[in-house]
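Understanding the architecture of this molecule
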Amino acid sequence: MKGALDGIRVLDFSTLLPGPMASLFLREAGAEVIKVENPARGDEMRSYSPKWGEDSGNFHLLNAGKKSLAVDLKSPEGRARLAPLIAEADILIEQFRPGVMARLGLSYDEVRAQKPDIIYCSITGYGQTGPRAQRAGHDLNYQGDAGLLALSHGPEGAPVLPPALIADIAGGTYPALVNILLALRQRDRTGDGAWLDIAMAENLFPFTYWAQADGRFGGNWPGNGDALVTGGSPRYALYPMADGRILAAAPIEDKFWVRFCEAIGLDPALREDAADPAATRAAVARRIAAEPSAHWSTIFGEADCCCTVLQTLEEAMRDPHFTARGLFAGEIENGAGTRSPALPIPVCAPLRAEPGPRHAPRLGEGSSEG
């Protein structure tokens, strides 16, 4: 099994999360990925905790199967070492602020002069142009600037952080992958490369499609936690149970709502939830709080109405459904030979490269060209 991207070479100048995760996806589909790292410290993610061998567990999860080339990009000698790799590369990924690669002599135009059909992917917070292009930021800032956090950030006086780095992954990694693959397809037809400007903040706007529709077409811009899928409806909510565990209830459609109401024995007078959503929600909360999670797991397993008991991540990774699907069957290993489940990557089996344990490269390891 060579993978759908067998024969594709990727030069990855990125660090931390969005770019490295994108190149991990490409590696799992069979591409050769060479990490270009600072020889003094490498990817900053190497230093994070917890450690797993010499480097962090985070680094191992995101960089298994790649090669590493330690290069001082500020030196002429270092850039000269890159020339033969650039000449053979198909994809270049970088994650610096706009202008940094140009100062290093590695702008799109300069790279394209060496490799006319290069697909050059730049991942930044705000894009290559615009008033915020040079502004520093992290995931939380991008979500805030795109209006996403304003839709659901917890009760007044006790704001809650999102449970995932949505901008980094959903606004950075995935759009980068989609556009890289589209550019490869276009190159197959035209022979031309492309410069891809991936801006994490603006790529979050598709996630607010429903709020845009409410505001633009209904004249009602949603606020914090007051819309259908952010806490404004009893049909889409989190309800504590008697043992402290949480029920995720999402019986949005009428057919599921009817089953849900029957399953919990909700007063028929409160089932028309549009009349007084707050009263219905309070009544539902009282019913759910009266019984422990084992009771509701049985009830909702039979009712089949889009209700589940929240699992911890540890429980989810042991869940019989996910294990039956082989989700954590892949393995990574560290320099000491210790193995652990690999990060599950959504590349379907027919498109993947050969199975087997992979290891993250030591700094400078694995590139004969380097």
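Because the structure is a prediction, the values reported are computed rather than measured.

A few words now on the pairing of strand β7 (residues 119-124). With six of its six residues buried, β7 lies for the most part within the structure. Inspection of the sheet shows strand β6 (residues 91-94) paired to β7 by four bridges, in the parallel sense. Looking across to β7, one finds that Ile-93 is bridged to Cys-121.

On to the nonpolar core, then. Val-10, Leu-26, Ile-91, Ile-93, Cys-121, Ile-180 and Leu-196 are the most contacted members of the largest nonpolar core, which totals 43 residues. When contributions to this core are tallied by element, the ones reaching two or more residues are α1 (18-28), α2 (57-63), β6, β7, α7 (166-190), β8 (194-199) and α8 (209-218). Looking at this core element by element, the count peaks at six residues for α7. For Ile-91, the contacting residues outside a window of four places in its chain are Ile-8, Arg-9, Val-10, Leu-11, Leu-26, Ile-118, Ile-119, Ile-180 and Leu-184.

Right, let's talk about the domain arrangement of the protein for a bit. Partitioning the protein into structural domains gives domain 1 (9-200 + 326-359) and domain 2 (237-318). Distance between the C-alpha centres of domain 1 and domain 2: 40 Å.

Moving on: the side chain of Ser-293. The topology assignment puts Ser-293 in helix α11 (residues 293-303). Judged by relative accessible area, Ser-293 falls into the buried class, the value being 9%. With residues near it in sequence (within four places) discarded, Ser-293 still touches Met-241, Asp-243, Arg-245 and Val-309.

Moving on: the sheet that holds strand β12 (residues 331-333). A sheet is described by the order of its strands in space; here three strands give the open sequence β13-β12-β14, paired in mixed fashion. At either margin of the open sheet sits one strand with a lone partner, and together these are β13 (339-341) and β14 (358-359). Bridging between β12 and β13 involves three bridges; their strand directions are antiparallel. Bridged to Glu-333 within β13 is Arg-339.

Here we take up the state of the cysteines. A full pass over the atoms with the stated rule returns zero disulfides. Left without a disulfide partner, Cys-261 is nearest to the cysteine sulfur of Cys-305, which lies 9.0 Å away.

Burial of the side chains of strand β9 (residues 237-240) is restricted to one face: Ala-237 and Tyr-239 are buried, whereas none of Leu-238 and Pro-240 on the reverse face is. Sheet topology note: the β9/strand β10 (residues 246-249) ladder contains four bridges and is antiparallel. If you follow Leu-238 over to β10, its bridge partner there is Ala-248. The hairpin turn running from β9 into β10, its antiparallel successor, is five residues long, and Gly-244 in that turn takes a positive phi close to 90°.

Here is what the cut-offs are and how they apply
- Residues numbered from 1 in each chain as written.
- Predicted model: local features only at pLDDT ≥ 70, side-chain atom pairs only at ≥ 80, totals over all residues.
- Heavy atoms only, no water.
- Buried < 20%, exposed > 50% of the residue type's maximum accessible area, 1.4 Å probe, protein only.
- Helix = DSSP H or I, 4+ residues; strand = E, 2+ residues; numbered from the N terminus.
- Pairing = 2+ DSSP bridges.
- Core = buried A, V, L, I, M, F, W, Y, C linked by side-chain atoms within 4.5 Å.
- Contact = heavy atoms within 4.5 Å.
- Domains from an automatic or database assignment.
- Disulfide = S-S within 2.5 Å.

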